[in-house]
Amino acid sequence: MITDIDVWKFIHILLFVYWLGADLGVFLLAKAAQRSDLTFDQRVIALRMALKIDILPRLSFALMFPVGLELSAALGVVEPGLATRAISWSVSALWVVIVIGMVRAREPARARSLKHANVVLHWVLFLVVVAIGLTSVLGHGPFPAGWLGWKILLFGLIFFCGIMIDREFDPVAPAFARLATEGSKPDIEQVIKSAIDRSIAWVLALY
């Protein structure tokens, strides 16, 4: 017989697999986009594929907290109230809408607005989740002070990694625009290589 625990555990594992599995694909494609020995078209294809695949880890990240909360409740580790569940799922739904909007946005102004909204949401959730995790670890929060409190705290730090990944990756698009018109030049290649390497360093910190 399938129980609530089985369902939420399956979804939790599925999100974890799609998050890290897709991230590996993004990692490899981003490294390919760095390669100056490939043609411009090949590098652009690699970069575009990386950005398309990147939606999977972003969506997995957005859904992980409410799913984890439901799993913890099913296991009897925590007893979240209806309001807590509603807030958790509502924030997650807003986050999903922003992520999908960022991918589908065609107008530059709308894309910039959604990207800004995503950054603001990340900063807010970073501060809130880290505060919840830290108070829980100290024995004054809504979660047990043991492994779950530490897990919430570490989960909160992932938001900061996400912010830094996007920030370090920002110079890549303008550099590729220059690459399209000016061709491969040492200064352009250095910008691309450095930006991707710095963003990958934060990806590794996230892992």
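Residues numbered from 1 in each chain as written. Predicted model: local features only at pLDDT ≥ 70, side-chain atom pairs only at ≥ 80, totals over all residues. Heavy atoms only, no water.

Caption draft 1: How the structure looks around the overall build of the chain. A tally of helices and strands in the chain yields eight helices and zero strands. Ordered by position in the sequence, the α and β elements of the chain form the string α-α-α-α-α-α-α-α. C-alpha atoms of the chain, sized along the principal axes, occupy 60 × 40 × 30 Å. Counting all 207 residues of the chain, 40% fall into the buried class. At a minimum sequence separation of 6, the contacts of the chain that also span at least 24 residues come to 67%. In the structure as shown, the chain presents an accessible area of about 11,800 Å², 70% of it carried by carbon and sulfur atoms. (Helix = DSSP H or I, 4+ residues; strand = E, 2+ residues; numbered from the N terminus. Buried < 20%, exposed > 50% of the residue type's maximum accessible area, 1.4 Å probe, protein only. Contact = heavy atoms within 4.5 Å. Areas by Shrake-Rupley, 256 points an atom, 1.4 Å probe, with all protein chains shown as cover.)

Caption draft 2: Broad picture of the environment of Ala-105. Following the sequence through the fold, Ala-105 ends up in the loop between α4 (82–104) and α5 (108–137). Between the C-alpha atoms of Ala-105 and Pro-66, which are 39 residues apart in sequence, the distance is 26 Å. Apart from the residues within four sequence positions on either side, Ala-105 is in contact with Arg-110, Ala-111 and Leu-114.

Caption draft 3: Highlighting the pattern of salt bridges. Tallied over the entire structure, the rule returns twelve salt bridges. Salt-bridge contacts for Arg-58 lead to Asp-54; the nearest nitrogen and oxygen are separated by 2.6 Å. A residue is classified by how much of its surface remains accessible, and Asp-54, at 17% relative accessible area, is buried. Arg-178 is paired through a salt bridge with Asp-187; the nearest N and O atoms lie 3.0 Å apart. Residue classification places Arg-178 among the partly exposed positions, given a relative accessible area of 31%. The class for Asp-187 is partly exposed, based on a relative accessible area of 40%. Shared partners join several salt bridges into a network, and the residues in it are Arg-178, Glu-182, Lys-185 and Asp-187. (Salt bridge = Lys/Arg side-chain N within 4 Å of Asp/Glu carboxyl O.)

Caption draft 4: Representation of the packing of helix α1 (residues 4–34) against helix α2 (residues 40–53) within the structure. Put simply, α1 and α2 touch, their axes get as near as 8 Å, and they point 160° apart. For the element pair α1 / α2, the angle class is roughly antiparallel. Crossing of α1 over α2 shows left-handed handedness. Residue-level contacts link Ala-22, Val-26, Leu-29, Ala-30, Ala-32, Ala-33 and Gln-34 of α1 to Arg-43, Ala-46, Leu-47, Met-49, Ala-50 and Ile-53 of α2. (Axes fitted to C-alpha atoms, helices over the stretch in contact; angles between N-to-C directions. Parallel < 35°, antiparallel > 145°, perpendicular 65-115°, else oblique. Left-handed = near helix turned anticlockwise from the far one by under 90°.)

Caption draft 5: Layout of the nonpolar core. Judged by nonpolar contacts, the single largest core of 31 residues is most densely connected at Trp-19, Phe-61, Trp-95, Phe-155 and Phe-159. Those elements giving two or more residues to this core turn out to be α1, α3 (55–75), α4, α5, α6 (147–169) and α8 (186–206). Trp-19 has contacts with Pro-57, Ser-60, Phe-61, Met-64, Phe-155, Ile-158 and Leu-206, leaving out every residue within four places of it along the chain. (Core = buried A, V, L, I, M, F, W, Y, C linked by side-chain atoms within 4.5 Å.)

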